[in-house]
Amino acid sequence: MTEDVYIEDLASHVGDHVRIKGWLYNRRGSKRIQFLELRDGSGIVQAIVSEADVPADVFALAGSLEQESSLIVEGAVRAHPKQEGVFELGVDALTLVAAPSREYPISNKEHGVEFLMDHRHLWLRSKRQHAILRVRAEIIAAVRAYFDDHGFTLIDAPIFTPNACEGTSTLFETDYHGSPAYLTQSGQLYMEAAAAAFGRAYCFGPTFRAEKSKTRRHLAEFWMVEPEVAFMDLEGDMDLAEDFVRSVVRRVLERRAPELKVLERDTTKLEALDGPFPRIRYDEAIRILQEAGQDTKIGDDFGADDETLIASHFDRPVMVTHYPMEQKAFYFKKDPNDPTRALCMDMLAPEGYGEIIGGGQREDDLATLDAAIEAHKLPMEAFDWYRDIRRYGGFPHAGFGLGIERMVAYVCGIHHVREAIPFPRMLSRLSP
Ligand code: 4AD
Ligand code: MG
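Residues numbered from 1 in each chain as written. Chains lettered and ligands numbered in written order. Predicted model: local features only at pLDDT ≥ 70, side-chain atom pairs only at ≥ 80, totals over all residues. Heavy atoms only, no water.

Participant: What should I look at first to understand the sheet that holds strand β9 (residues 173-176) in this one?
Facilitator: Sheet strands associate in pairs through backbone hydrogen bonding, adopting either a parallel or an antiparallel arrangement. Taken together, three strands build an open sheet; the order of strands is β8-β10-β9 and the sheet is antiparallel. Each edge of the open sheet carries a strand with a single partner, namely β8 (160-161) and β9. (Pairing = 2+ DSSP bridges. Helix = DSSP H or I, 4+ residues; strand = E, 2+ residues; numbered from the N terminus.)

Participant: Is there a simple way to explain the environment of Leu219 in this structure?
Facilitator: Mapped onto the secondary structure, Leu219 falls in the loop between β11 (200-208) and β12 (221-230). Look at Leu219 and you get buried, because its relative accessible area is 6%. Linking Leu219 and Thr184, residues 35 residues apart in sequence, is a C-alpha distance of 14 Å. Leave out the neighbours within four places in its chain, and Leu219 touches Arg209, Glu211, Glu405, Val417, Arg418, Ile421, Pro424, Arg425 and Met426. (Buried < 20%, exposed > 50% of the residue type's maximum accessible area, 1.4 Å probe, protein only. Contact = heavy atoms within 4.5 Å.)

Participant: Sorry if this is basic, but what is going on with helix α11 (residues 366-375) here?
Facilitator: Since one α-helical turn is 3.6 residues long, residues separated by three or four positions face the same way. Taken together, the buried positions of α11 are occupied by Leu369, Asp370, Ala372 and Ile373. Across the axial projection of α11, the buried residues extend over an arc of 160°, all falling on one side. Exposed residues pointing more than 90 degrees away from the buried face of α11 are listed as Ala367, Glu374 and Ala375. Where α11 terminates, the next one or two residues include Lys377, which has phi positive at roughly 55°. (Arc of directions from axis to C-beta.)

Participant: Whenever I open this one, the site of ligand 1 confuses me. Can you help?
Facilitator: The full set close to ligand 1 counts 22 residues, and Glu166, Gln188, Glu226, Glu355 and Ile356 are the nearest of them. One of the side-chain N or O atoms of Glu211 is found 3.3 Å from a nitrogen atom in ligand 1. Between ligand 1 and Gly403, the relevant distance is 3.2 Å, taken from an oxygen atom to a main-chain nitrogen or oxygen of the residue. Contact with the protein chains covers 94% of the free accessible surface of ligand 1, which is 630 Å². For the shell around ligand 1, the elements supplying multiple residues, two or more each, are β12, β18 (354-361) and β19 (397-403). The greatest single-element share of the shell around ligand 1, amounting to five residues, is contributed by β18. Its residues assigned to classes, the shell around ligand 1 shows seven nonpolar, seven polar and eight charged. (Near = heavy atom within 4 Å. Polar contact = N/O pair within 3.5 Å; in protein donor to acceptor, adjacent residues only side chain to side chain. Areas by Shrake-Rupley, 256 points an atom, 1.4 Å probe, with all protein chains shown as cover. Nonpolar A, V, L, I, M, F, W, Y, C, P; charged D, E, K, R; others polar.)

The following block contains the structure:
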């Protein structure tokens, strides 16, 4: 009996006669033999059609197939004579499901990135994009597994929100039945409420920033995972972030080696994450920049190049803590030893990937929080529910947010976050 199989499962079908349903990725051939590169979403296999093995009309069909024709192919699975772990199909039957009605726009030649982005719905079929998005799916599975296995409860945060979380300059405003509402910048404030109800909570979903800047690290819509823990301080937050990132990277290394190979990722750089992550204070980061010849001084914000420079001193992610309060969001707890500093941390990835995590300890004193809300000129009434978390059994707590696309870009070793999400939304892109 001929079984329907997926290409990624061929290893356990050597010698079997199987059926594969997919699309033609590439074709080369000669008078007597056609090599069809067939993809089915799970992988790519070389299907070999020999003139001697098939009826003349089937051989003629094989030689006329165009890229992205959808096909059903049957044949015997055999191990590649030279490459270990590679399998091929000796074809004896071939059915064309549908030939493309137009020439497929993405070929083997070089295309500009805007052209590829305009054809993102098709570009997803290409080897590299396929590998990146499989790594993304693995990262998301690893993220969920980590928190689910460590006592966290998944609490989904809303997307329409009445107030800002991360500053008012990057809010997307919408019309909510005649009143303004904003697309969420972060689920954090809701996770703080959840921490009081569940102890350890996390949310994972899309978040939105009306970023006016075009950089390789910014999207208008990105996915963020945000854990929040009751009775945890900054130190505990860093321990959690470190263990979490290490565990996610380890799982990707274990389960997505073929994809990382397609991406030509130097995995020794990721294996270095097994050691402890360095932790430095903001002032030390400033010193690193000054010693590298920058004229940065205490009080300055870090740009992308500064983050790259700081992180280049370490071979694994570094956590930078105690930034000046005025650079940070209203909700951070002030350092009791120096109230001009926030009990915050940013995790900066090496190799130029910049900040992948932002988080820290939250202000748990209502009067201090109120002063911060006022100092940031935020509307007090919109935060009344949030202030309740301090009114009814205030508690020290901390958490963080990891941007999935920045993590994917880092793990895959790709230059721009636009390839780390299936359909990117950026300053000048809303389609496809
Ligand atoms: O540092 P951010 O703004 O922190 C927060 O939103 C906190 N409320 C999270 C928390 O403590 N629960 O964002 C967190 C992470 C960044 O480190 C980065 O990885 C990612 O979200 N991020 C973006 N990713 C892509 N495009 C953007 N425009 C991003 N802005 C932030
Ligand atoms: Mg940040």
